[in-house]
Amino acid sequence: MADKKASGGKKDKKDSKKTGGLAVNLYDEIILLMILAVAILLLLGLLGFGGKIGKFVAAFMYGMFGCTAFILPFIAFFGTAFILSNRTNAKAHIKIAACAFLLILCCGFAQLIDGGYIKDLSVMGYYTNSMKSHFGGGLIGGILCMMLCPALGVISTYVLFIILGIIAVIVITEKSFLTGVKKGSKKVYDTAKVQGEK
C-alpha cells in the first residue's frame, strides 16, 4: 500500500510538472501572437494603412526613430520570440540589448546621412523633420548628432558609429569581425595568385 501511495505521489508530481509546462508554453504562445498582431498593426500604420490611430502612431514612430522605424515591428516580434525561448539564458538578454543599441546607432547614422548635425535646429526640430519627411534619424538620431558632432566632428562621428555598430554585430552574432576579414583577404589573395599563375 505504501509503495502504491509513493508511486501515486510521483505520478501526481510528474503530471503537475507537465501541466505547468504546458500552461507556460500556452502563455508564451499567447504573448507571441499578441506581439505579432501589434507588429503587423505597426507595420500597416507605417505604410499608411492603419487609419487615424495608425497614422498617429506612425507619426510618433517616425518622429522618434526616423526611417529606422520600419525595423521596430520586426525587432518587437523576433526579439520577443527569442527572449521567450531563451528566458533563462543571460546571453540572450545581452544580444537583445545589443540589438537595441544597434537600432539607436542606426538612428544616428541615418540622421548623419540625411542632413547631419544642424546647428540652429532644436531637439524637437529633428522630431518634426523626421515625422514629416519619414527620413533621417528622428529625435534619437538628432540627440546623438547634437551630442557627438560638435565635440568630435562629422567624420569622426561616422567612424564612431561604424565601429560601435561592428561591435554590436559581433555581440549579436558571436562571430569575429577580424577573422572574417582575414578569410576574405586570403580568398582574394588565393584567387589573384591562381590567376597570376595562369
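Look a little higher up for the structure.
These notes cover the structure that comes with them.

Scoring rules and cut-offs
Residues numbered from 1 in each chain as written. Predicted model: local features only at pLDDT ≥ 70, side-chain atom pairs only at ≥ 80, totals over all residues. Heavy atoms only, no water. Core = buried A, V, L, I, M, F, W, Y, C linked by side-chain atoms within 4.5 Å. Buried < 20%, exposed > 50% of the residue type's maximum accessible area, 1.4 Å probe, protein only. Helix = DSSP H or I, 4+ residues; strand = E, 2+ residues; numbered from the N terminus. Contact = heavy atoms within 4.5 Å. Axes fitted to C-alpha atoms, helices over the stretch in contact; angles between N-to-C directions. Parallel < 35°, antiparallel > 145°, perpendicular 65-115°, else oblique. Nonpolar A, V, L, I, M, F, W, Y, C, P; charged D, E, K, R; others polar. Salt bridge = Lys/Arg side-chain N within 4 Å of Asp/Glu carboxyl O. Phe/Tyr/Trp six-rings, centres within 6.5 Å; stacked < 30°, edge-to-face > 60°. Patch = residues over 30% accessible without salt bridge, like charges linked within 9 Å, V, L, I, M, F, W, Y side chains within 5 Å. Areas by Shrake-Rupley, 256 points an atom, 1.4 Å probe, with all protein chains shown as cover. Expected span 1.5 Å × (residues − 1).

1. A few points about the nonpolar core
Inside soluble globular proteins, nonpolar side chains tend to come together where they are buried.
(1) Moving on: One finds Leu46, Ala58, Met61, Tyr62, Met64, Phe65, Ala69, Leu72, Leu103, Cys107, Tyr127 and Leu139 forming the largest nonpolar core, which totals twelve residues.
(2) Moving on: Listed by contribution, the elements that provide at least two residues to this core are helix H2 (51–65) and helix H4 (90–114).
(3) Moving on: No other element matches H2, which puts five residues into this core.
(4) Moving on: If we ignore the near neighbours within four places in the chain, the residues touching alanine 69 are Leu46, Met61 and Tyr62.
(5) Moving on: Counting seven residues, the second largest nonpolar core, distinct from the first, contains Leu112, Leu148, Cys149 and Phe161.

2. Side note on the packing of H4 against helix H6 (residues 138–152)
(1) Moving on: Where H4 contacts H6, the two axes come as close as 8 Å, and the packing angle between them is 75 degrees. The pairing of H4 with H6 is recorded here as roughly perpendicular in orientation. Across from Ile104, Cys107, Gly108, Gln111 and Leu112 in H4, the residues of H6 making contact are Gly138, Ile140, Gly141, Gly142, Leu144, Cys145 and Cys149.
(2) Moving on: By residue class, the composition of the contact of H4 with H6 is seven nonpolar, five polar and no charged.

3. Things to note about the pattern of salt bridges
It is possible for side chains of opposite charge to pair when their charged atoms get near one another.
(1) Moving on: A full pass over the atoms with the stated rule returns two salt bridges.
(2) Moving on: Put simply, arginine 87 and aspartate 28 hold a salt bridge, and the shortest N to O gap is 2.9 Å. With arginine 87 in the loop between helix H3 (72–85) and H4 and aspartate 28 in helix H1 (residues 2–46), this pair connects stretches of sequence that are 59 residues apart.
(3) Moving on: The closest approach of N and O atoms between glutamate 174 and lysine 95, which form a salt bridge, is 3.5 Å. Taken as a pair, glutamate 174 in the loop between helix H7 (154–173) and helix H8 (177–197) and lysine 95 in helix H4 lie far apart in primary sequence, 79 residues in all.
(4) Moving on: You can call glutamate 174 partly exposed: its relative accessible area is 49%.
(5) Moving on: Residue lysine 95 is classed as buried on the basis of its relative accessible area, which comes to 18%.

4. Remarks on the packing of aromatic side chains
Aromatic ring pairs are described here by two measures, namely the spacing of the ring centres and the angle between the planes.
(1) Moving on: In this structure the tally under the stated criterion is three aromatic pairs.
(2) Moving on: Both rings, one in tyrosine 62 and one in phenylalanine 70, keep their centres 5.9 Å apart while their planes meet at 70 degrees; by these two values the pair is edge-to-face.
(3) Moving on: With a relative accessible area of 32%, phenylalanine 70 lands in the partly exposed category.
(4) Moving on: Geometrically, the ring pair formed by phenylalanine 77 and phenylalanine 78 is edge-to-face, given 5.2 Å between the ring centres and 70 degrees between the ring planes.

5. Description of a nonpolar patch on the surface
(1) Moving on: The grouping of Leu33, Leu36, Ile40, Leu41, Leu44, Leu47, Phe49 and Phe70 at the surface amounts to a nonpolar patch, some 750 Å² of accessible area in total.
(2) Moving on: Among the structural elements, leucine 44 can be located in helix H1.
(3) Moving on: Here leucine 44 falls in the partly exposed class, since its relative accessible area comes to 34%.

6. Concerning unusual backbone geometry
(1) Moving on: Backbone geometry places histidine 134, a non-glycine residue, at a positive phi of 65 degrees.
(2) Moving on: Relative to the helices and strands, histidine 134 is located in the loop between helix H5 (123–133) and H6.
(3) Moving on: One non-glycine residue with positive phi stands out, namely glutamate 174, at about 60 degrees.

7. Some points on H2
(1) Moving on: Spanning 15 residues, H2 covers 21 Å between terminal C-alpha atoms, matching the ideal 21 Å at 1.5 Å per step.
(2) Moving on: Of the positions making up H2, those classed as buried are Gly54, Ala58, Met61, Tyr62, Gly63, Met64 and Phe65.
(3) Moving on: Positive phi appears at glycine 66, one or two residues downstream of H2, with a value of about 65 degrees.

These values are about where atoms sit, not about what they do.
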